[in-house]
Amino acid sequence: MSEHIEVGNKKIDVDEDGFIQKWEDWSKDIADYLAKTEGVNEMSKEHWVVVNYLREYYTQYKIAPMIRLLLKETGKRLGQEKAVSNKYLYELFPSGPAKGACKIAGLPKPTGCV
Amino acid sequence: MKEKIDAPILTGSITVPKIEENASRNQRCHHASEDHMVRLGFPGTKPVDWNKKALKRMRELLKRNRSLRLYLDICVRCGSCADKCHYFLGTGDPKNIPVARQELLRKVYKRYFTIEGKILGGLTNAEDLTEEVLDEWYTYFHQCSQCRRCSVFCPYGIDTAEISMAAREIMDSIGVGQKYCNEVLGKVYDIGNNLGMSGPALRNTLDFFEEDIKETTGVDVKFPLDVKGAEILLVSPSADFFASPHVDSLVGYAKVFHKAGISWTFSSYASEFANFGMFIGSYSIMKRVATRILDEARRLKVKRIVVGECGHAWRVGYSFWNTLIGPFDFVDTRYPVPQHICEFTLDLIKRGAIRLDKSANDEFTVTYHDSCNVARATRMGNKDGGQFEIPRALIREACNKFVEMPKNVNREKTFCCGGGGGLLTEELMDLRVKGTLPKAQALKNLMESRQVNLMVMICAVCKAHFTGVLPHYGIPMETVGGIHQLIGRAIVL
Amino acid sequence: MINILVYIVGAIFILGFIYKTWIWGKSAVPLRIVGTPGPKTFPGVILRIMGEVFLFKSLFRGNKLLWLGGWIFHIAFLFIILRHLRYFFYPVPIWIIELQIVGIYAGYIILIPLVYLLLRRWVVDRNRYISTPMDYITLFLIIVIAFTGILMKEYIRVDLVDVKAFILGLLTLQPSIKPQSVLFLIHFLSVLLLIVYFPFSKLMHAGGIFFSPTRNQRDNAREIRHVNHWNNIIN
């Protein structure tokens, strides 16, 4: 449980799966760093839209938004009429919204049958 | 840090591998932290005299569970189960042979609890409980999805699930717990569901569905929460509020209630049907988790309890609730408690209370995956085999093209998806992918020979697992769905 | 000497068998864990268990060849035991005499499944992995018993009058002198060994099948509350 990553000069505690332990520890640099571990080479504008929304939602509800909410809100923020597709989200985050996007956004991993 | 997932190539047929010792030895799940353990009333860390404490717990369990003692006593190692476990078929690791998995506990039982083992020792396989044995326990009792398939083929009905549950219970009692299950159970205690979704988050989620359905259909389908005096309390696995394709079945449930015109409600306190207490073999935790639902049914003064698409919890509900938390004399006794959403919906269809337009699902050729706990540990309706026929009847009502899985992977012979029994966790991904091999072979076959493009099921674990695993086999995740997803699309609002 | 041994073995077998089933009987069955699809009624349960006891139905589902081998082995063993009852009765009842010829054939036939059961533990890698030394020893012991039996019947005849007097003497608690055949002694002692090992070993599957909750419970958990005096254990 004493695993950590080093970003810049800072040591950040992470769990066994590399999710950061403390919400306050998160920074954009860490997001960039974690992105690379999840198969995202470059954080684009679209990636940030998703990550920022996840963080906003988590601040309010202490959980990641439900998948459909995430798809719809992402679509809206990207200036589209419709929700983005699940497939689009997987193209952005190859390891998926729950594992990849949440990790990069500094959220704990969703638990249960998901 | 991440290991590459090494998915076998699908050939469309299921074959028995040569044994390969320790093939899945390094597939080990994360240990629960001290906090997770203490929250559930277990020791936070492993005590110095863990060996003595483990044997003491084992002695208690032998008294508490006839199944445990009997099954440790009477196995003749005939090997009828040897080629039946999906984890063995997928990995070739001989410790994933059901009898060999049992043997891990049996050899310790023999050593400390039987005359045979004390006198004949190694000739009977008897062995001391050492660190090494404990480590094997931790590894291989977390490579059993407690799906009971081996039991079907055992001449004495020996159920490896009973043994692996006991082993996990013993390990928890000495502070050696599994993170995935124990963290989740802590969230149920603290927040009310596996996800850790609070009441406000749940309401926000349900609001989204109401708006979304209104936008797409123009109909005001409500998703009531915490409504006192509602006719029905609906309890579904919390994944239905969160993940894909689970949410599509949730929409299906709501549309069914809407058209049936029966008042219903979710509860933010009892917002979880899943009960991981079963996975870790703890009756007291299982009871505590189930009691939340009972308490809420009382508080909300509902007349019926209907439950959503969840496999292991259907076992807990169908087979255990009455004993654990019954009797349910305060609800309407004309209806079973709990009533499965499939029983509920099929009844409405038969009475003409709701109408389905099959053509809405014409883009799909559908097959059905029997989830292990539903198939081998429960029933639905009043007729024998209702757990097979009722879901199938619903599928036939909801679509035009339905194809059965082949007999050797269907009904009571179904294979576990590969992620059941508390193994639905990322660090076991390689094992889970391999455990899916038998079912994936059958599916692949149907996709090619019968153009199947949707496999529906009524279990949140199966849905989540297949969605994550099938892409490793080149099968798109959209192939996975729920029965009420079909119903939700076909129902005439 | 051998007389006392017989009584001790007999006592261990009977008391051991009773003790084991008593332990099973008094250990709790807190929840319904019947394997479904399962019977809803008590007669249904009887049918299910009888199907397992006489037809090995689950084994048939699992492995056809093993089913054939196992079933022939058990049936042959049964007829062999029945045939041997002729040494326990005087005069011998007609039905035992009528079974004599079947019993003799069974004595030969049983060697086929026995050799098969032994070989399959060797030949198939997964069976070899799951076999313990005692699995082989038990099979070997039964082979010795069968083989010495055939030898005595066909090739190296034993004085059956002696044997019968010996057995009847044991039964009537008036022990007489044991037969003077080494072959008989090996045969007889091997049987004693098997009998004394029985209650402590996997051979107790013979009694255990009736206690198996996945097979002997009714599928009615939702309709009828499974109340028993063990429920407080759950609390």
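Residues numbered from 1 in each chain as written. Chains lettered and ligands numbered in written order. Predicted model: local features only at pLDDT ≥ 70, side-chain atom pairs only at ≥ 80, totals over all residues. Heavy atoms only, no water.

**Let's talk about the sheet that holds strand 3 (residues 304–307) of chain B**
All names here are of chain B.
Here is step 1 of the chain: In spatial order, the strands read 2-1-3-4; together these four strands make up an open sheet with parallel pairing. The sheet terminates laterally at strand 2 (264–265) and strand 4 (339–340), the two strands that pair on one side only.
Here is step 2 of the chain: Pairing of strand 1 (residues 232–235) with strand 3 involves four bridges; the strand directions are parallel. Bridging across to strand 3, Leu234 finds its partner in Val306.
Here is step 3 of the chain: Its contacts with the sheet place helix 12 (residues 246–260) against strand 1, strand 2 and strand 3, and it is angled at close to 170° to strand 1. (Pairing = 2+ DSSP bridges. Helix = DSSP H or I, 4+ residues; strand = E, 2+ residues; numbered from the N terminus. Contact = heavy atoms within 4.5 Å. Axes fitted to C-alpha atoms, helices over the stretch in contact; angles between N-to-C directions.)

**A look at the interface of chain B and chain C**
How large an interface is tends to be reported as the accessible area lost when its parts come together.
Here is step 1 of the chain: The interface is formed by 83 residues belonging to chain B together with 63 residues belonging to chain C.
Here is step 2 of the chain: Buried area between chain B and chain C, both sides added, is near 5,700 Å², and the carbon and sulfur share of it is 56%.
Here is step 3 of the chain: The interface formed by chain B and chain C holds seven salt bridges in total.
Here is step 4 of the chain: For Arg379(B), the salt bridge identified is with Asp219(C), shortest N-O distance 2.7 Å.
Here is step 5 of the chain: Where chain B packs against chain C, one counts 39 residue pairs in polar contact (both at pLDDT 80 or more).
Here is step 6 of the chain: By residue number, the principal contributor to the side of chain B that touches chain C is helix 14 (residues 311–325) of chain B, which donates eight residues.
Here is step 7 of the chain: Here the residues of the side of chain B that touches chain C are counted per class, giving 38 nonpolar, 20 polar and 25 charged. (Buried area = accessible area lost by both parts, 1.4 Å probe. Salt bridge = Lys/Arg side-chain N within 4 Å of Asp/Glu carboxyl O. Polar contact = N/O pair within 3.5 Å; in protein donor to acceptor, adjacent residues only side chain to side chain. Nonpolar A, V, L, I, M, F, W, Y, C, P; charged D, E, K, R; others polar.)

**Quick notes on the nonpolar core**
Here is step 1 of the chain: If you look at the biggest cluster of nonpolar residues, it comprises 252 residues, and the most contacted ones within it are Leu105(B), Trp137(B), Phe223(B) and Trp321(B).
Here is step 2 of the chain: Ranked by residues supplied to this core, first place goes to helix 2 (residues 45–61) of chain A with nine residues. (Core = buried A, V, L, I, M, F, W, Y, C linked by side-chain atoms within 4.5 Å. Buried < 20%, exposed > 50% of the residue type's maximum accessible area, 1.4 Å probe, protein only.)

**With respect to the interface of chain B and chain A**
Here is step 1 of the chain: On the side of chain A, 27 residues touch chain B, which itself brings 40 residues to the contact.
Here is step 2 of the chain: Both sides of the chain B and chain A interface together cover about 2,800 Å² of buried area, and 61% of this is carbon and sulfur.
Here is step 3 of the chain: For chain B, the biggest contributors to the area lost against chain A are Phe208(B), Phe242(B) and Glu426(B); these three give 22% of the whole.
Here is step 4 of the chain: At the surface where chain B touches chain A, the tally comes to five salt bridges.
Here is step 5 of the chain: Close ionic contact of Asp248(B) with Arg68(A) constitutes a salt bridge, the shortest N to O distance being 3.6 Å.

**Observations concerning unusual backbone geometry**
Here is step 1 of the chain: Pro327(B) follows Gly326(B) through a cis peptide bond whose omega is -5°.
Here is step 2 of the chain: Topologically, Pro327(B) is positioned in the loop between helix 14 and strand 4.
Here is step 3 of the chain: At the junction of Thr36(C) and Pro37(C), the peptide bond is cis and its omega measures out at 0° in the coordinates.
Here is step 4 of the chain: Tracing the chain through its elements places Pro37(C) in the loop between helix 1 (2–26) and helix 2 (42–55).
Here is step 5 of the chain: Phi at Arg411(B) is positive, roughly 50°, even though this residue is not glycine.
Here is step 6 of the chain: Tracing the backbone shows Arg411(B) in the loop between strand 6 (402–403) and helix 18 (429–435).
Here is step 7 of the chain: The phi angle at Phe56(C) is positive, at roughly 55°, despite the residue not being glycine.
Here is step 8 of the chain: Secondary-structure assignment places Phe56(C) in the loop between helix 2 and helix 3 (57–62).

**A few points about the pairing of strand 7 (residues 454–457) of chain B**
Residues and elements named next belong to chain B.
Here is step 1 of the chain: Side-chain alternation along strand 7 places Leu454 and Val456 on one buried face and Met455 and Met457 on a second face that is also buried.
Here is step 2 of the chain: Where strand 5 (residues 366–368) meets strand 7, three bridges bridge the pair, whose relative direction is parallel. Following the sheet pairing, Val366 is matched in strand 7 by Leu454.
Here is step 3 of the chain: Strand direction decides the pairing type here: strand 7 and strand 8 (residues 480–482), joined by three bridges, are parallel. Residue pairing for strand 8: Met455 is matched across the bridge by Val480.
Here is step 4 of the chain: Handedness of the crossover joining strand 7 and strand 8 through helix 20 (residues 460–469) is recorded here as right-handed. (Right-handed = clockwise from strand over helix to strand, strands pointing away.)

**What about the pairing of strand 3 of chain B?**
Residue and element names in this part refer to chain B.
Here is step 1 of the chain: A two-sided burial pattern is seen for strand 3, the buried positions comprising Arg304 and Val306 on one face and Ile305 and Val307 on the other.
Here is step 2 of the chain: Sheet topology note: the strand 3/strand 4 ladder contains two bridges and is parallel. Looking at the pairing, Val306 lines up with Gln339 of strand 4.

**Topic: the pattern of salt bridges**
Residues and elements named next belong to chain B.
Here is step 1 of the chain: Considering all chains together, one arrives at 55 salt bridges over all chains under this definition.
Here is step 2 of the chain: Put simply, Arg25 and Asp135 hold a salt bridge, and the shortest N to O gap is 3.2 Å. Taken together, the positions of Arg25 in the segment before helix 1 (34–39) and Asp135 in helix 7 (residues 131–140) put the pair 110 residues apart, joining distant regions of the chain.
Here is step 3 of the chain: According to the relative accessible area criterion, Asp135 is partly exposed, its value standing at 26%.
Here is step 4 of the chain: Residue Arg111 is joined to Asp128 by a salt bridge in which the shortest nitrogen-to-oxygen separation is 2.6 Å.

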